[in-house]
Amino acid sequence: MKKEKKEYIVHRQIYEDTVKKNKKLGMVNLLIFGTGLMLKYVGRSDLGSHFIWLGIVILIYTLGSNMMAKYQMKKHQLK
């Protein structure tokens, strides 16, 4: 039981670190989306669309990363 509990704790810490990192990345992503929308509003839609696509790519990465971390956490839950 001790080995399983230690493994669970390690995976829990990895999950919490991933979620914390993705929250910070999400804040940066909001700034990127905001910049892209502001540039589109100002009339620089050629540059603004690049920022918006970058924001979409980062959003997909963070969602995938969270889902993978959650799956790993469920896989190693205590029984």
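Residues numbered from 1 in each chain as written. Predicted model: local features only at pLDDT ≥ 70, side-chain atom pairs only at ≥ 80, totals over all residues. Heavy atoms only, no water.

A. Spotlight on helix 1 (residues 2-42). Between its first and last C-alpha, helix 1 extends 60 Å over 41 residues, near the 60 Å set by a 1.5 Å rise per residue. Among the residues of helix 1, those classed as buried are Tyr15, Thr18, Asn22, Asn29, Ile32, Gly36 and Leu39. Considering only its buried residues, helix 1 is in contact with helix 2 (45-75). Positive phi shows up at Gly43, right after helix 1, with a value of about 120°. (Helix = DSSP H or I, 4+ residues; strand = E, 2+ residues; numbered from the N terminus. Expected span 1.5 Å × (residues − 1). Buried < 20%, exposed > 50% of the residue type's maximum accessible area, 1.4 Å probe, protein only. Contact = heavy atoms within 4.5 Å.)

B. Expanded view of the pattern of salt bridges. As enumerated under the stated definition, the model contains two salt bridges in all. The salt bridge involving Glu16 is made with Arg12; its shortest N-O contact spans 3.2 Å. You can see Glu16 and its partner Arg12 sitting in helix 1, four residues apart, about one turn around the helix. The class of Glu16 is partly exposed, set by a relative accessible area of 41%. Residue classification places Arg12 among the partly exposed residues on the basis of a relative accessible area of 34%. A salt bridge links Arg44 to Asp46, with the shortest nitrogen-to-oxygen separation between them at 3.7 Å. The exposure class assigned to Arg44 is partly exposed, which follows from its relative accessible area of 44%. Asp46 gets classed as partly exposed once you look at its relative accessible area, which sits at 47%. (Salt bridge = Lys/Arg side-chain N within 4 Å of Asp/Glu carboxyl O.)

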